[in-house]
Amino acid sequence: MSVLAAENLTKSLGGREVVSDVSFELESGEVFGFLGPNGAGKTTTVRMLTGLIRPDAGRVSIGGFAIARDFEKAMRHVGAIVEAPDLYRELSGRENLEIFARMIDRRAADAIPELARLVALESRLDERVGTYSLGMRQRLGIAQALLGEPRVLILDEPANGLDPAGIREIRELVKSLAHDRGLAIFLSSHLLSEVELTCDRVAILHRGRILALDTVDRLLQSRDRVRFRTPIPKAALAVLRRHSSEEPEIEGADLVFAALVEDEIPRALTSLSAEGVPVFEVVRTRPDLETLFLELTGGETV
Amino acid sequence: MILPLVENEMLKIFRRKRFRVVVLILVALTAMIAYGNWRSRRDADIRRGPRDWHAETQRRIVEMQNRLRSRAIPDSYRRWMTFETSRLQYSLDHGFDPNALTGPFFSRNFIVAASFLLLPLLVTLFASDLVSSELAEGTIKILLTRPVRRWKVLAAKLVALFACVTLTVALAALFSYLFGGIAFGFRGWGAPSLTGFRSGAGGLDVSAVRQVPLWRDAVRVYGLGWYAALVVGSISLLLSILFRTTAAAMGTMLAILIAGTILPRFATGWDFAKYFFPTNLPLPDYFSGTPPPIEGMTLAFSVENLGLWAVAALVCSFLVFTRRDVRV
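These remarks concern the structure in this document. (Residues numbered from 1 in each chain as written. Chains lettered and ligands numbered in written order. Predicted model: local features only at pLDDT ≥ 70, side-chain atom pairs only at ≥ 80, totals over all residues. Heavy atoms only, no water.)

Bringing the sheet that holds strand 1 (residues 4-13) of chain A into the picture now. On the basis of which strands lie adjacent, the open sheet formed by 4 strands has the order 2-1-4-5 (chain A) and antiparallel pairing. Each end of this open sheet is capped by a strand with a single partner; those strands are strand 2 (16-26) and strand 5 (65-66) of chain A. (Pairing = 2+ DSSP bridges. Helix = DSSP H or I, 4+ residues; strand = E, 2+ residues; numbered from the N terminus.)

Structure representation (structure tokens):
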């Protein structure tokens, strides 16, 4: 059973539909990427997932509880950072964690030392949050989100404003939380490389709608191309047309690209040699997520 | 289950500088006013020799009666002087020094004077950022994504606010007694105090005036000042929810409070001003012998009016806070 399910979420803000019919599910132990350009509706979706705004239609359930009906039971299983990790700047890191622990239950504060160690903030925990760097606040935000042993972690643009080392740190932490501790992690981002490196599954959001939703591997696989180098590309094109799921393309003087599944490659080679087309080189190419994204959104960059 | 939440809110209030500023203002003001009173008393003694309160009161009554004969004084001032002469005359007739000054008297008088503007301003200072600061700093996004229903979060804020209002009034009483005591002596809680002045047709009605020990009078004055401060706190809380910045919430409340002190003076004929809540804030004035802000207003009317404003503000606060989309 999924730990978090969003069903047909729709929301209009200021007369414009910013999220349209968005549905997905999260399983334990996976990192789910929510990828889209700024303004695609990511933050609005995150706010609906966390109960900050009410969807016009659709519902969100967490751990089997609908947040509209059983808010407390549903939110008991969630930790979230929405946009920036905004904490009480005049309080210390420890006091911030204590405040949010008190909002969960009496035992939640017991985990504070362990969480501080996990996000490497032990030594600065008693200093005012106002003196923290953005990276430290981001880590404190994650510690805050992990209070009460949630089953789902919702991170909205966690890489925002971090330097490459900080981004890497967060990425490793997120992966280990999902893969070693079995949390389901929802991660929204506009950074393709980030999502590609961190996430197991990804939904691509554009203008409030999900255009594609699958594992990163399979999304990219569907765009796999096999490149043939041959002195007579036109003849090769005619042969490959019979095997390729999409119209093959000629590129340059001697290259032909065809969309072939793995099993089809030896058959295509047999046909080519039967027709007397010499093949010097066969290479399987995989596009990056960026190319895929450009194709899906019709050229709009992230 | 709401107690840990109240603890959180108290921690947030105490850790902000605002509440410390309120305490500092109270210390500075009470000390300054006590010192000022003490100096002017001393200067008068040096000029005229030891004070003879009989003669002094008599002189003030005659002065005011002379000025009342002149036509060139505004209505509101004429009304106040009519009241004041009756009050002084009554005190004189019954052997009470109307300007007796001891630490306890000073403390009571301070709250009477503070309840219509100073206490409301101080309460506004820390009440108007209760929610707006969470909106401005973005902390509301964590606060409302925890497994606690929104109405409980707001209820905890309200309880913490009322606790801090209570503390503020208590500190005002304490500091005014402390500095008043240093200047004029700490004893005298049992001294007789006149209370029960009412406004009657055309002047002050002294038929119900009686003497009570000062401590009883003081308890009533503190209580009414506290009630008025709670009402101001509730309305500030609503503004703090409606506005996204503390500056806007506080500015609006200050404007309303100051308008409230000006309005009755310029709109004596405008009866509707009595439904405006700041007009009703000076509750202790009703039985200490000052005319009501607008003719026909009574203590019961003002207490009810303030109560309705507070309840309406709280209902709106809860409705807006529990329903609003958080988009900051």
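Next, the rest of the story.
Below, the discussion takes up the interface of chain B and chain A. Taken together, the contact between chain B and chain A spans 33 residues of the former and 31 residues of the latter. Both sides of the chain B and chain A interface together cover about 3100 Å² of buried area, and 54% of this is carbon and sulfur. Area buried by chain B at its contact with chain A is led by T145(B), R146(B) and P147(B), which between them contribute 23% of it. Between E72(A) and K152(B) there is a salt bridge, and its shortest N-O distance comes to 3.2 Å. Here chain B and chain A share 19 residue pairs in polar contact (both at pLDDT 80 or more) between them. (Contact = heavy atoms within 4.5 Å. Buried area = accessible area lost by both parts, 1.4 Å probe. Salt bridge = Lys/Arg side-chain N within 4 Å of Asp/Glu carboxyl O. Polar contact = N/O pair within 3.5 Å; in protein donor to acceptor, adjacent residues only side chain to side chain.)

Remark: the empty space left among the atoms is shown by a probe the size of a water molecule rolled over them. Taken as a whole and judged by the stated rule, the model has 4 cavities of 30 Å³ or more. The space that makes up the largest cavity amounts to roughly 60 Å³. L135(B), I140(B), L144(B), R150(B), F321(B), R324(B), D325(B) and V326(B) together form the lining of the largest cavity. Across the lining of the largest cavity, the residue classes break down as 5 nonpolar, no polar and 3 charged. Volume-wise, the second largest cavity comes out at about 50 Å³. Top contributing element to the lining of the second largest cavity by residue count: helix 6 (residues 164-179) of chain A, with 4 residues. A class-by-class count of the residues in the lining of the second largest cavity yields 6 nonpolar, no polar and 2 charged. (1 Å grid on protein atoms, 1.4 Å probe; cavity = no way out; pocket = protein on both sides within 12 Å on 5 of 7 lines; lining within 4 Å. Points joined across faces, edges and corners; volume = space filled by probe spheres on them. Nonpolar A, V, L, I, M, F, W, Y, C, P; charged D, E, K, R; others polar.)

Bringing helix 6 of chain A into the picture now. For an α-helix, 3.6 residues make a turn, and residues three or four places apart therefore share a direction. Residues and elements named next belong to chain A. Spanning 16 residues, helix 6 covers 22 Å between terminal C-alpha atoms, matching the ideal 22 Å at 1.5 Å per step. Listed in full, the buried residues belonging to helix 6 are G166, I167, I170, R171, L173, V174, L177 and A178. End-on view of helix 6: buried residues confined to an arc of 165 degrees, all on one side of the axis. Residues of helix 6 that are exposed and angled more than 90 degrees away from the buried face: P164 and R168. Each element contacted by the buried residues of helix 6 is listed here: strand 3 (31-35), helix 4 (112-118), helix 5 (134-146), strand 7 (152-156), strand 8 (184-189) and helix 7 (192-198). (Expected span 1.5 Å × (residues − 1). Buried < 20%, exposed > 50% of the residue type's maximum accessible area, 1.4 Å probe, protein only. Arc of directions from axis to C-beta.)

Attention now goes to the packing of helix 1 (residues 3-15) of chain B against helix 9 (residues 150-184) of chain B. All names here are of chain B. Helix 9 packs onto helix 1 with a crossing angle of 55 degrees between their chain directions and a minimal axis gap of 8 Å. With respect to helix 9, the element helix 1 is oriented oblique. Both helix 1 and helix 9 take part in a crossing whose hand is right-handed. Residues L5, V6, E9, M10, K12, I13 and F14 of helix 1 pack against K152, A156, K157, V159, A160, A163, C164 and L167 of helix 9. (Axes fitted to C-alpha atoms, helices over the stretch in contact; angles between N-to-C directions. Parallel < 35°, antiparallel > 145°, perpendicular 65-115°, else oblique. Left-handed = near helix turned anticlockwise from the far one by under 90°.)

Two side chains of opposite charge can pair, provided their charged atoms sit close to one another. Residues and elements named next belong to chain A. Taken as a whole and judged by the stated rule, the model has 39 salt bridges over all chains. For the salt bridge of E194 with R171, the shortest nitrogen-to-oxygen distance reads 3.6 Å. Here R171 lies in helix 6 and E194 lies in helix 7, a separation of 23 residues in the sequence. For the residue pair E194 and R171, the accessibility class agrees, reading buried in each case.

So, about the side chain of E134(B). Along the chain, the position of E134(B) falls in helix 7 (residues 132-137). Overall, E134(B) belongs to the buried group, its relative accessible area being 1%. Not counting chain neighbours up to four residues away, the residues in contact with E134(B) comprise Y88(A), E9(B), K12(B), T139(B), I140(B), L143(B) and K157(B).

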